[in-house]
Every structure is written in C-alpha cells, then in structure tokens.
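Summary of structural features
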Amino acid sequence: YAVLDARSVQQWLDLSPQALAALQPGWDDLRPDAYLKDGGRYRQRRHSSFVVDGEGVTQVPHRAHWQPVSYNALHGGMERWFEPMDPATVNQPAWPCLLRRLGALASALKGAQPWYVEAHQFRIDTTDGIGRPTPEGAHRDGVDFVAVFMVGRHRIKGGESRVFEANGPSGQRFTLTEPWSLLLLDDERVIHETTPIQPLDG
C-alpha cells in the first residue's frame, strides 16, 4: 500500500489544487444508499464504470455493483443499483486525468492492458450519531487495486484507516485528513477498513 499527501497527489496527477477542488461539488449531490443491511441512513453514494486504455478513458453503460459474499459478507451476493455519477463531475478535466494516472500505475505493476474501473463516490455522515465508512468490517474488494481519495472531513472524529496483511499479522493505522490525500492498495495482498465516525460535538 502507499499513502500520498495532498501535495504529492497534485504533483503525481499534474493537477492544480483548483482543478481537484472543481470535482468536490460532485459529493454534495449523492443519493441515499438503500442497501445498508444494518438499517443505517449514514451513507450516500453514486457509482459509474469506466475503461481506461492508455490515454483513452471511456464511460461504459451503467451497470449494477456486485461483489461475492466471500469478499463482502454483509452486502455481497446481490445486485446493487446506484445512481450514476453526475456528468458535471465526469466532464471535469481532472476526472479523466485521475483515471489515466491510476491506469498507468496499474499497468506499470501488472503490464500494459486496458483497465476496468468502478468509481464510487461516498459521503458518510453522522445523521444518527455515528457513520460507518466500512460497515462490512476489514475486507478485500475482490479487484486488482483500490484507490481511496479523501475528499473532505467536517467536524468529525474517527475515520481511521487500517491496512493489514491479508496473510499475516502486520498492520498499519493512520487517518487521512487532507482533501485529496490518497490511499493506494494492492487488493490481493492486504485487507482494509475505516473506523466509524462521530460528530465532534452535538
């Protein structure tokens, strides 16, 4: 895994802070997650899929998000249909740039090839006093690589990222706090989770 602070992300993507900030309004208009089996109201999201082939980035027809139960014991085994990403977000210049850089990194590690990308926008809140970024607990996503961008935090505590060896005892704990800081994961080698969040005050 690797953790990049916001400045390193800007340099790696060759994007200005303003270009990344232009993506952020897309997280202000997400839809309630109707599939939470714990009955919670704390998660909103959108989901779209893309193919990254070299410099080419293509959004593919909308489809359900599906995971096997072996990877997600809580929400696996069912088709989950979420609203697609807003075109206003997808059409921001920073969005395809971000996907191209991630695709290039994946190809550098596993050989040049087209990459199928599932993009999830999440917003976790404390409507009921607590929000759970990963209600399924420590898990793998069942993909090659995972990129977790912290878009923003507001008046909360918690939200600690935890990354553990998939087949060993070692692990690390840290908290992403800067907008557009990044956690990159080799999903075949680690499991990960994020602890619940609570409001700093009433």
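None of the values given here were measured: they were computed from a predicted structure.

**Structural notes on the sheet that holds strand E8 (residues 161–165)**
Spatially, the three strands line up as an open sheet ordered E9-E8-E11, and their pairing is antiparallel. On the outer flanks of this sheet lie strand E9 (171–174) and strand E11 (190–194), each paired with one strand and no other. Direction aside, neighbouring strands of the sheet carry axes that sit 15° apart on average. As paired elements, E8 and E11 share five bridges and run antiparallel to each other. Paired with Ser 161 across the bridge in E11 is Thr 194.

**Considering the sheet that holds strand E1 (residues 2–4)**
Within a sheet, adjacent strands bond to each other through the backbone by hydrogen bonds, running parallel or antiparallel. Strand order in the open sheet formed by three strands is E1-E10-E6, with antiparallel pairing between adjacent strands. Looking at the sheet topology across the chains shown, the edges are occupied by E1 and strand E6 (145–150). Here the average twist between neighbouring strands, direction ignored, is 15°. Sheet topology note: the E1/strand E10 (residues 181–186) ladder contains three bridges and is antiparallel. Following the sheet pairing, Ala 2 is matched in E10 by Leu 184. Each of E6 and E10 is contacted by helix H4 (residues 94–110), which is oriented at about 145° to E6, the strand it contacts most.

**Topic: the side chain of Ser 181**
Structurally, Ser 181 can be placed in strand E10. Using a relative accessible area of 4% as the deciding quantity, one classes Ser 181 as buried. A distance of 2.7 Å separates a polar atom in the side chain of Ser 181 from the backbone oxygen of Glu 178. Excluding residues that lie within four positions of it along the chain, Ser 181 makes contacts with Leu 4, Asp 5, Ala 6, Val 9, Val 148, Phe 149, Met 150 and Leu 176.

**What about H4?**
When the terminal C-alpha atoms of H4 are compared, their 24 Å separation across 17 residues agrees well with the 24 Å that a helix rising 1.5 Å per residue should span. Of the residues flanking the end of H4, it is Gly 111, one or two places downstream, whose phi is positive at about 95°.

**Regarding the nonpolar core**
Ranked by internal contacts, the top residues of the largest apolar core, which has 23 residues, are Val 9, Leu 20, Leu 23, Phe 50, Trp 95 and Trp 180. Mapped onto this core, the elements with two or more residues apiece are helix H1 (6–13), strand E3 (43–53), H4 and E10.

Rules behind the numbers
Residues numbered from 1 in each chain as written. Predicted model: local features only at pLDDT ≥ 70, side-chain atom pairs only at ≥ 80, totals over all residues. Heavy atoms only, no water. Pairing = 2+ DSSP bridges. Helix = DSSP H or I, 4+ residues; strand = E, 2+ residues; numbered from the N terminus. Axes fitted to C-alpha atoms, helices over the stretch in contact; angles between N-to-C directions. Contact = heavy atoms within 4.5 Å. Buried < 20%, exposed > 50% of the residue type's maximum accessible area, 1.4 Å probe, protein only. Polar contact = N/O pair within 3.5 Å; in protein donor to acceptor, adjacent residues only side chain to side chain. Expected span 1.5 Å × (residues − 1). Core = buried A, V, L, I, M, F, W, Y, C linked by side-chain atoms within 4.5 Å.

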